Amino acid sequence: MKIIDDKYICELLEKYANPDSNHINEIIEKAKEAKGVSLEDAAMLINANKEQDLEKLFDTAKEIKNKIYGKRVVLFTPLYVSNYCTNDCLYCGFRVNNKGMKRVSLTQNEITEEVIAILEQGHKRVLMLMGEHPKNASLDYFIECINTVYSAKDSKGNSIQRINVEIEPLSAEEFQKLKDIPIGTYTVFQETYNKKTYEQVHLSGIKTDYNWRLEVMHRALNNGLHDVGIGALFGLYDYRFEVLGLLSHAMNLDKEFNIGPHTISVPRLQYAHNAPLSAITKYAVSDIDFKKIIAVLRLAVPYTGMILSTRERAELRMELLDLGISQISSGSRTNPGGYKQAFNEVDSSQFNLNDGRTSGEIIENIIDLGYIPSFCTSCYRIGRVGEKFMQIAKKGDIKLFCQQNALTTLNEYLNDYANENVRKKGKQLIQNELKTTPTDKSLV
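Everything in this summary refers to the structure shown in the same document. (Residues numbered from 1 in each chain as written. Predicted model: local features only at pLDDT ≥ 70, side-chain atom pairs only at ≥ 80, totals over all residues. Heavy atoms only, no water.)

## What about helix α18 (residues 398-416)?
Here comes step 1: For α18, spanning 19 residues, the distance from its first C-alpha to its last is 27 Å, which sits close to the expected 27 Å at 1.5 Å a residue.
Here comes step 2: Of all the residues in α18, the buried ones are Ile398, Phe401, Cys402, Gln403, Gln404, Asn405, Ala406, Leu407, Thr409, Leu410, Tyr413 and Leu414. (Helix = DSSP H or I, 4+ residues; strand = E, 2+ residues; numbered from the N terminus. Expected span 1.5 Å × (residues − 1). Buried < 20%, exposed > 50% of the residue type's maximum accessible area, 1.4 Å probe, protein only.)

## Here's the deal with the packing of helix α1 (residues 6-15) against helix α11 (residues 239-257)
Here comes step 1: Where α1 contacts α11, the axes come no closer than 10 Å and their chain directions differ by 125°. With respect to α11, the element α1 is oriented oblique. Crossing of α1 over α11 shows right-handed handedness. Each of Asp6, Ile9, Cys10, Leu12 and Leu13 in α1 lies in contact with α11, whose residues at this interface are Arg240, Phe241, Leu244, Gly245 and Ser248.
Here comes step 2: Looking at side-chain class alone, the contact of α1 with α11 contains six nonpolar, two polar and two charged residues. (Axes fitted to C-alpha atoms, helices over the stretch in contact; angles between N-to-C directions. Parallel < 35°, antiparallel > 145°, perpendicular 65-115°, else oblique. Left-handed = near helix turned anticlockwise from the far one by under 90°. Contact = heavy atoms within 4.5 Å. Nonpolar A, V, L, I, M, F, W, Y, C, P; charged D, E, K, R; others polar.)

## A closer look at empty space enclosed by the protein
Here comes step 1: Applying the stated rule across the entire model yields two cavities of 30 Å³ or more.
Here comes step 2: Here the second largest cavity defines a volume of roughly 240 Å³.
Here comes step 3: The set of elements that each furnish at least two residues to the lining of the second largest cavity consists of β1 (72-82), β3 (162-166), α16 (378-381) and α18.
Here comes step 4: Looking at the lining of the second largest cavity, the element that brings in the most residues is α18, giving four residues. (1 Å grid on protein atoms, 1.4 Å probe; cavity = no way out; pocket = protein on both sides within 12 Å on 5 of 7 lines; lining within 4 Å. Points joined across faces, edges and corners; volume = space filled by probe spheres on them.)

## Here's the deal with the pattern of salt bridges
Here comes step 1: The tally for this structure, following the rule as stated, stands at 24 salt bridges.
Here comes step 2: Ionic pairing is found between Lys15 and Glu40, a salt bridge with its closest N-O pair at 3.7 Å. Here Glu40 lies in helix α3 (residues 39-46) and Lys15 lies in helix α1, a separation of 25 residues in the sequence.
Here comes step 3: Judged by its relative accessible area of 59%, Lys15 falls in the exposed class.
Here comes step 4: Glu40 gets classed as partly exposed once you look at its relative accessible area, which sits at 30%.
Here comes step 5: Because the salt bridges share partners, they merge into one network encompassing Glu132, Glu191, Lys207 and Arg213. (Salt bridge = Lys/Arg side-chain N within 4 Å of Asp/Glu carboxyl O.)

## A few points about unusual backbone geometry
Here comes step 1: A positive phi is found at Ala34, a non-glycine position, where the angle reads about 60°.
Here comes step 2: Take Ala34: it is sitting in the loop between α2 (21-31) and α3.
Here comes step 3: Within the chain, Asn274 stands out as a residue other than glycine whose phi angle is a positive 60°.
Here comes step 4: For Asn274, the position within the fold is in the loop between β6 (263-265) and α12 (276-279).

## Observations concerning the packing of aromatic side chains
Here the distance between the centres and the angle between the planes together describe a pair of aromatic rings.
Here comes step 1: Per the counting criterion, the structure on display carries seven aromatic pairs.
Here comes step 2: Geometrically, the ring pair formed by Phe175 and Tyr186 is edge-to-face, given 5.0 Å between the ring centres and 85° between the ring planes. One end of the pair, Phe175, is in helix α7 (residues 172-178); the other, Tyr186, is in strand β4 (residues 185-187), with 11 residues separating them in the sequence. The two residues Phe175 and Tyr186 agree in class, both being buried.
Here comes step 3: Measuring from centroid to centroid gives 5.2 Å for Tyr237 and Tyr283, while their planes differ by 55°, and the two rings are tilted. Here Tyr237, found in the loop between β5 (227-231) and α11, pairs with Tyr283, found in the loop between α12 and α13 (287-300); they are 46 residues apart in sequence, far enough to count as distant.
Here comes step 4: Through pairs of rings, three or more aromatic residues link up here, namely Tyr237, Phe241 and Tyr283.
Here comes step 5: When the ring centre of Trp212 is taken as origin, the NZ or CZ atom of Arg219, which lies over that ring, is 3.6 Å away. (Phe/Tyr/Trp six-rings, centres within 6.5 Å; stacked < 30°, edge-to-face > 60°. Lys NZ or Arg CZ within 6 Å of the ring centre and 35° of its normal.)

## Here's the deal with the packing of α3 against α13
Here comes step 1: The interhelical angle for the contact between α3 and α13, taken along N-to-C directions, is 155°, at an axis separation of 10 Å. As summarised for this structure, α3 and α13 are arranged roughly antiparallel, according to the angle between their axes. Seen from above, α3 lies across α13 with right-handed handedness. For the pair α3 and α13, contact is made by Ala42, Leu45 and Ile46 and by Lys292, Ile293, Val296 and Leu299, respectively.
Here comes step 2: Classifying every residue of the contact of α3 with α13 gives six nonpolar, no polar and one charged.

## Details of the side chain of Asn87
Here comes step 1: You can see Asn87 is positioned in the loop between β1 and α5 (108-119).
Here comes step 2: Overall, the relative accessible area of 1% leaves Asn87 in the buried class.
Here comes step 3: In this structure the side chain of Asn87 is engaged in a polar contact, spanning 3.2 Å, whose partner is the backbone nitrogen of Ile206.
Here comes step 4: Ignoring anything within four residues of it in the chain, the contact list for Asn87 reads Arg95, Val96, Glu132, Ser204, Gly205, Ile206 and Lys207. (Polar contact = N/O pair within 3.5 Å; in protein donor to acceptor, adjacent residues only side chain to side chain.)

## Some details on a negative patch on the surface
Here comes step 1: Taken together, the side chains of Glu51, Glu55, Asp59 and Glu63 make up a negatively charged region of the molecular surface.
Here comes step 2: Structurally, the position occupied by Glu63 is in helix α4 (residues 51-69). (Patch = residues over 30% accessible without salt bridge, like charges linked within 9 Å, V, L, I, M, F, W, Y side chains within 5 Å. Areas by Shrake-Rupley, 256 points an atom, 1.4 Å probe, with all protein chains shown as cover. Lys, Arg positive; Asp, Glu negative; His and termini not counted. Charge placed at Lys NZ, Arg CZ, Asp CG, Glu CD.)

## Notes on the pairing of strand β7 (residues 305-308)
Here comes step 1: In β7, alternate side chains face the same way, and those of Gly305 and Ile307 on one face and Met306 and Leu308 on the other are all buried.
Here comes step 2: Strand direction decides the pairing type here: β6 and β7, joined by three bridges, are parallel. When the sheet's bridge partners are listed, Ile264 is paired in β7 with Met306.
Here comes step 3: Relative to strand β8 (residues 327-329), β7 runs parallel, the two sharing two bridges. Bridging across to β8, Leu308 finds its partner in Ile328.
Here comes step 4: Between the parallel pair β7 and β8, the chain is carried across by helix α14 (residues 314-320), and the sense of this crossover is right-handed. (Pairing = 2+ DSSP bridges. Right-handed = clockwise from strand over helix to strand, strands pointing away.)

## Description of the side chain of Lys65
Here comes step 1: Mapped onto the elements of the fold, Lys65 is located in helix α4.
Here comes step 2: Among buried Asp, Glu, Lys and Arg side chains, Lys65 stands out as unpaired, with Asp322 the closest opposite charge at 6.4 Å.
Here comes step 3: Among the polar contacts listed, one links the side chain of Lys65 to the backbone oxygen of Leu321, at a separation of 2.9 Å.
Here comes step 4: Those residues within four positions of Lys65 in sequence are excluded, and the remaining contacts are Gly70, Arg72, Val73, Arg298, Leu321, Gly324, Ile325, Ser326 and Tyr371.

Here it is in structure tokens:
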């Protein structure tokens, strides 16, 4: 199975190392149709460096995002249930050779406490994660954790409505077990699409198998899962190669299954305790190049949800909403037990966070920018997943559902969890948006 053609990607990057502004403009104009761009076109865009070219690129990314998803910004928070791991990844705090880390797999009671704390922030969806460990972080344990998360309720009787998962690449047999469990998107990051670099940064454990990881989404979709998410950790290798690797992966999935990635994540390498590569890298990505990454991905894969974590600082996260980001985490903790402070030592986290705002503060900032904080989970709950979702998103019609559902769930949040100042701002935003939002009751 040929998903990534290293040689071809390198040839494209070399061929279009200094793209002409006229060609850049032609690609951007074509991209405004929100039909995506070719890998060759993306190579030209990711090499763009002239100020006027970048300005057009950024403006178009915002235009396309608004065309597909409107003003809504989906909110979620990560829930780490275990930091046991058998892999030795040089950039990750969970690495097996980090002997200073306090290891823990949460009990079901501890998970319930975590979920209640998350619900009291107003969240309706979580991303569940754990390390890779056959005994202390097994699939059976994880499935039990999923059931516990769904069963927890806060003081207002609210519960989590959607669980996305980010766990190790599974086998076909394991996917047959997972497919009957109520999850949303199954996510695995390739970390780096450059095979040589991949081998250099993954020293031991099953994660050393590049192809096993790369082919996991094909196994997932062939064995009953509907929605998959991909990502790269920017800073491990040349960001331009990683962008074309992500796009090659997305295009291959779309060709094989008519289902491209439901989400693409764009984390940048951040410091992690006792993870040597996280402290220094020759492939560090500047803010302007990071903006370019997000904008190019938005033009190339307009239908996908683009996720940004709290690795990034608050001001930049808000700026990136204008360039294509449609989902962000808030109030995050990256260590098991972090929400209840049961195990809140720095050395139990996967990586450091740069956005320390509370969920309430983030929601207020989003409202101030004119975006709509969304807690919507309706696509997942009514089965608008996989190819059904793709058909709507690729046509640009998903906004018709997203906009009014975002307003409805925002109103629920304002009534149940917001302080008076945020409630006032949010109610005014809702009134303003209702003037231009379709109200067809068939759209849910």
